[in-house]
Amino acid sequence: MTDQRIKPVVMPKWGLAMEEGKVTGWLKRPGDRIAVGDEIVEVETDKIAGVVEASEAGVLRRAIGEVDTVYPVKALIGVVADADVPEAEIDAYVAGYVTPSADEAGEEEAGPTYEFVETPAGRLCYARRGEGAETIVLVHGFGGDLDNWLFNIDALADKATVYALDLPGHGQSAKAMPEGGVEGLARALLGFMDALSIECAHLVGHSMGGAVSTLAASAAPGRVRSLTLIGSAGLGEEINADYIAGFVSAASRRELKPVVEQLFADPSLVSRQLVEDLLRYKRLDGVSAALEALSGAFLAHGRQKTLVASSLAALDIPVLVVWGAEDRIIPAAHAEALNGRAKAEVIPGAGHMVQMEKASRVNELIGAHITA
Amino acid sequence: MARKISMKQAINEALDLEMRRDPAVIVMGEDIVGGAGSPGEEDAWGGVLGVTKGLHAKYPGRLLDTPLSESAYIGAAIGAAACGMRPVAELMFLDFMGVCFDQILNQAAKFKYMFGGKAKTPVVIRAMVGAGFRAAAQHSQMLTPVFTHVPGLKVVCPSNAYDAKGLLIQAIRDDDPVIFCEHKNLYGHEADVPEEAYAIPFGEAAVVREGKDVTIVSYGLTVHRALEAAERLAKERIEAEVIDLRTLSPIDWDTVLESVETTGRLVVVDEANPRCSIATDVSAHVVQEAFGALKAAPQMVTAPHTPVPFSPVLEDLYIPTADAITAAVSKIAPRAMAA
C-alpha cells in the first residue's frame, strides 16, 4: 500500500517517442524543501533537454537518479515526502518500487500515437489526449509541429480533451499550403475541428499559431470558448525576420542549429536530435515551397503584415497572453498590445518556446484560464 | 508518416516515387524484369536480391532487362543520360565495374568538363558493395575510394534506410553521374522512413552520436560498428563523436574538421583496403588543415591489404570490428584522460 505522503519523482515521458532519459544534474539536494513547480532535476532525452518540476510539495528525501545515467520512462529517480515520514518508510517505498514497463502501462500510459484525418486542407496529423468535457486544441507556430507541445499535452489532459495538430505544410500533415497564408491556415483549423466533430474548443496558439487561432475565432466566434496566445504573432509588426529567413533557407545541421538556438533562452536545450528532426521535416518534398509561401504571406519587408489585435478587440471571449521575457523572435513587449483586453503574463528565464522552457507555469496558466 | 522499413524497401520506394514524379526516370539492369526462376511479366524478379521488385508492373516499359554485358548497358545508360533520360542502372556488384570502367572513367565523368558545361549526365549507377555476404573476392570489395578518386563522379554510400531513400532521390535528381554504393549486409537494416519523398543534399555528413573526447569518422556498414564501439567506450567514460560521411564525393570536410577541432582525436574507419582509401584521405586532410588541434596521431581502422577471403572465419575478421575500433580509440584516448 502506497503511503499517500510519499510521492515518487519519476523519469518523465516527453513526447510520443521517448522511452528513456538521462539524468544530467540535480537542482535540489536531499533535505531541500520543495514547492509545486520547483525545478528538481535536469533530464536529457535524445530530443531535448528539460527539467523535471515538482507536481507536489514536500521535502526531497532521496535523489536516486545518478548523474549521466540513463533510466527508462517512469523509473524512480527521486522521492518527495513530508519531513515527518520516517526514513524506514522511505527506504521501504524505494525498495518496493517497480517501474511499469511500456507494455504493462497500456495504450493510455504509453502516450498518444499519431493519428490522421482527412480535411478540406488535406490529410492532417494530430494527437489526442484525455477525456475531459472541455476541449483544447493546441496550434503550433511557423515551421513547428504538434511535438512542440510535448511538455504540455499530457499535463493539460487532466483537465480536458486535448488535441494537437500539425498544420498544413507542417509535421506529418499534407504539405500543400492552403491559399491565403495565415487566414488559409485558420480555415484549415476550423476544417480540422469539423472533421473531428469538435463543436467548440479552447484554442491555444503558439507564435504564428496564435494568429491562426485568433483568425479562426473571428471567423467562427461561437466555436471558440477562449484563446491562449503564447509568444503570438499578429500583435505587433516587429519580428525577427532573420530567424524566419534563416529557418527557411537552412539546409544543413551547421546552418540550422544557430537559427533554432534563438528559440530558447537556454540554447543548450537544442539537442542534436532536435536539429536532425527539423532537417528531416525540411527535406520533405513540398516543405520548402510551403514555408516560402507562408513566410511570404505573413511578412513584408521584414515586418509582420497579418495583424490580429483589432480582430481580438471585437471578440467576446476570454483571452490570455503568455510570453517568454527573453523571446528573441517576437518581442515580449507585444504582450502589452492587448492591455486591458487580455490577461498578460510574461515569464522570466524563457524564450520563444516558453511552453517548453517553462512548461509547468504555462500549463498552470492555461489550466486556470480554461476553467475561469 | 514515418514507419520502420528496411534499406531494401527504402531504395525500392525511392525508385518508385521518382519514376512516378518524372517520366524520364528509367531503370536498367540484369534480371530486373525476367531472370531465372521468375514468371517474368507477371511477377518480375526485381534484380538479384529483389530490390526493384514490383516496379515493372507499375511502370511497364520503363524497367529494361539488359544482356549480361555491363560494358554495353552502362554505356547505354550513360548515353541515354546525355540525351535527356535519367537512367538508374543496377550493376549488381560494384566489383563488375572493371569491365565498364572506360564508360564511367573516361566518358561519363568527363562530359560536363570536356563540353564546356553544356552536357549533363544525370545517370545513377547502383551497385552492391562490401564483404560479409560469403560472396568471395570478386563480389565483396569496397571500391568506394576508386571512384572517389575520379573528378566528375559523385560517390554515395548510405548506412541506413532513411539515408538510402533520401540520398537515392537526390542522386536521381542530380545532373552529374552518381555511383550509389549499397552495402549488401545493410539491406535488411530497418529505420524510421517517411512515406513522402525527400532529398538529402550531397556533401552533408551526419553526426550520429555526439561526444567530446574522440571523433570517429566512417560510412556504410562500419558506421554501425563505430556506434557499437562508442557504446562500449562510454562505459569507460570516453565520449566518442561518430560522423557518418554519407557521401564520399563531395565530402563534408567542415563537419569532420569542426568535430576534430573539439575532440583533438581522430579515428577513421573504412571497410576499403588501407592504401589510398577514404581513411588515408580523411586522415591526411585533417592533419593538413587541423594539425594544431590534434592531440594524437590519427588512427585508421581498415580492411587489410588483401582480397576479401572466402573463408567465413577470415571474412569476419576482414571487416573492421567494434573491437578494432575500440582498441584504436584506446590507443589515443587513454582512460586516464577521461578523469
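Since this is a predicted model, take the numbers as computed values, not measurements. (Residues numbered from 1 in each chain as written. Chains lettered and ligands numbered in written order. Predicted model: local features only at pLDDT ≥ 70, side-chain atom pairs only at ≥ 80, totals over all residues. Heavy atoms only, no water.)

Moving on, we get to the overall build of chain A. For chain A, the helix and strand inventory stands at 12 helices and 18 strands. The globule rule puts the C-alpha radius of gyration for 372 residues at 21 Å, and the 21 Å found for chain A is close to it. Once the C-alpha set of chain A is aligned to its principal axes, its extents read approximately 65 × 45 × 40 Å. Considering only contacts in chain A between residues 6 or more positions apart, those separated by 24 or more positions represent 67%. Carbon and sulfur atoms provide 50% of the accessible area of chain A, an area that totals close to 14,900 Å². Averaged over its 33 positive side-chain charges, chain A has a centre that lies 2 Å from the centre of its 53 negative ones. (Helix = DSSP H or I, 4+ residues; strand = E, 2+ residues; numbered from the N terminus. Rg over C-alpha atoms; globule rule 2.2 N^0.38 Å. Contact = heavy atoms within 4.5 Å. Areas by Shrake-Rupley, 256 points an atom, 1.4 Å probe, with all protein chains shown as cover. Lys, Arg positive; Asp, Glu negative; His and termini not counted. Charge placed at Lys NZ, Arg CZ, Asp CG, Glu CD.)

Frequently, the measure chosen for interface size is the accessible area removed from exposure when the parts meet. Residue and element names in this part refer to chain A. By the assigned domains, chain A splits into domain 1 (6-104) and domain 2 (112-371). Distance between the C-alpha centres of domain 1 and domain 2: 30 Å. At the junction of the two partners, domain 1 supplies 12 residues and domain 2 supplies 18 residues. Carbon and sulfur atoms make up 59% of the area that domain 1 and domain 2 hide from each other, which totals about 1,200 Å². (Domains from an automatic or database assignment. Buried area = accessible area lost by both parts, 1.4 Å probe.)

This brings us to the interface of chain A and chain B. At the interface, 15 residues of chain A touch 24 residues of chain B. Between chain A and chain B, roughly 1,700 Å² of surface is buried when both sides are summed, and carbon and sulfur atoms account for 41% of that area. Broken down residue by residue, the surface that chain A buries against chain B is led by Arg254, Arg272 and Arg283 of chain A, which jointly contribute 39%. On the surface where chain A and chain B come into contact, there are seven salt bridges. Put simply, Asp68 of chain A and Arg237 of chain B hold a salt bridge, and the shortest N to O gap is 3.9 Å. At the level of elements, helix 7 (253-261) and helix 8 (272-283) of chain A are the ones that each hand at least two residues to the side of chain A that touches chain B. Considering every element that reaches the side of chain A that touches chain B, the biggest residue donor is helix 8 of chain A, with five residues. Residue classes in the side of chain A that touches chain B are distributed as four nonpolar, two polar and nine charged. (Salt bridge = Lys/Arg side-chain N within 4 Å of Asp/Glu carboxyl O. Nonpolar A, V, L, I, M, F, W, Y, C, P; charged D, E, K, R; others polar.)

Right, let's get into the domain arrangement of chain B. Residues and elements named next belong to chain B. Each assigned domain of chain B is listed here: domain 1 (2-194) and domain 2 (206-338). The straight-line distance from the C-alpha centre of domain 1 to that of domain 2 is 27 Å. Listed as interface residues are 27 residues of domain 1 and, on the opposing side, 24 residues of domain 2. The contact between domain 1 and domain 2 buries some 2,100 Å² in all, and 60% of this surface belongs to carbon and sulfur atoms. Linking domain 1 with domain 2 are three salt bridges, by the criterion used here. In this structure, the salt-bridge partner of Arg246 is Asp163, at a minimum N-O distance of 3.2 Å. Taken together, the connections running from domain 1 to domain 2 amount to 14 residue pairs in polar contact (both at pLDDT 80 or more). Looking at the side of domain 1 that touches domain 2 residue by residue, the class counts come to 13 nonpolar, 11 polar and three charged. (Polar contact = N/O pair within 3.5 Å; in protein donor to acceptor, adjacent residues only side chain to side chain.)

What follows deals with unusual backbone geometry. Pro250 of chain B follows Ser249 of chain B through a cis peptide bond whose omega is 0°. By the secondary structure assignment, Pro250 of chain B is in the loop between strand 12 (247-249) and helix 9 (253-263). One non-glycine residue with positive phi stands out, namely Ser207 of chain A, at about 55°. The backbone of Arg237 of chain B shows a phi angle near 65°, a positive value even though the residue is not glycine. Considering the arrangement of structural elements, one finds Arg237 of chain B in the loop between helix 8 (222-235) and strand 11 (240-244).

Residues and elements named next belong to chain A. Where helix 6 (residues 241-249) meets helix 7, the closest approach of the two axes is 9 Å, and the angle between their N-to-C directions is 150°. Judged by the inter-axis angle, helix 6 sits roughly antiparallel to helix 7. The element helix 6 and its partner helix 7 pack so that their crossing is left-handed. Contact with helix 6, carried on its side by Tyr243, Gly246, Phe247 and Ser249, involves Glu255, Leu256 and Val259 of helix 7 and no other residues of that element. Grouping the constituent residues of the contact of helix 6 with helix 7 by class yields four nonpolar, two polar and one charged. (Axes fitted to C-alpha atoms, helices over the stretch in contact; angles between N-to-C directions. Parallel < 35°, antiparallel > 145°, perpendicular 65-115°, else oblique. Left-handed = near helix turned anticlockwise from the far one by under 90°.)

Summed over all chains, the structure comprises five cavities of 30 Å³ or more. By volume, the largest cavity is sized at about 70 Å³. Looking at the largest cavity, the residues that line it are Arg253, Arg272, Glu276, Leu279 and Arg283 of chain A together with Glu204, Ala205, Ala206, Val207 and Arg246 of chain B. Where the lining of the largest cavity is concerned, the elements lending two or more residues are helix 8 of chain A together with strand 9 (206-209) of chain B. The biggest single contributor to the lining of the largest cavity is helix 8 of chain A, with four residues. (1 Å grid on protein atoms, 1.4 Å probe; cavity = no way out; pocket = protein on both sides within 12 Å on 5 of 7 lines; lining within 4 Å. Points joined across faces, edges and corners; volume = space filled by probe spheres on them.)

What follows concerns the pairing of strand 11 (residues 135-139) of chain A. Residues and elements named next belong to chain A. Of all five residues in strand 11, five are buried; the element is thus mostly enclosed. Here strand 11 pairs with strand 12 (residues 161-165) via five bridges, running parallel. Bridging from a neighbouring strand, Thr135 pairs with Thr161 of strand 12. In this sheet, strand 13 (residues 201-206) lies alongside strand 11 in parallel orientation, the contact comprising four bridges. Each residue of the ladder has a partner; that of Leu138, found in strand 13, is Val204. (Buried < 20%, exposed > 50% of the residue type's maximum accessible area, 1.4 Å probe, protein only. Pairing = 2+ DSSP bridges.)

Residues and elements named next belong to chain A. Read from one edge to the other, the open sheet built from eight strands follows the order 9-10-12-11-13-14-17-18, with strand pairing classed as mixed. A single partner strand is all that each edge strand has here, and the edge strands are strand 9 (115-119) and strand 18 (343-347). Taken over all neighbouring pairs, the strand axes of this sheet differ in orientation by 25° on average, direction set aside. As paired strands, strand 10 (residues 122-129) and strand 12 are joined by four bridges and run antiparallel to one another. Following the sheet pairing, Arg129 is matched in strand 12 by Val162. In this fold helix 5 (residues 208-219) packs onto strand 11, strand 13 and strand 14 (224-230), with an angle of close to 150° to the strand it touches most, strand 13. Seen against the sheet, helix 12 (residues 359-371) touches strand 11, strand 13, strand 14, strand 17 (319-324) and strand 18 and runs at an angle of roughly 155° to strand 14.

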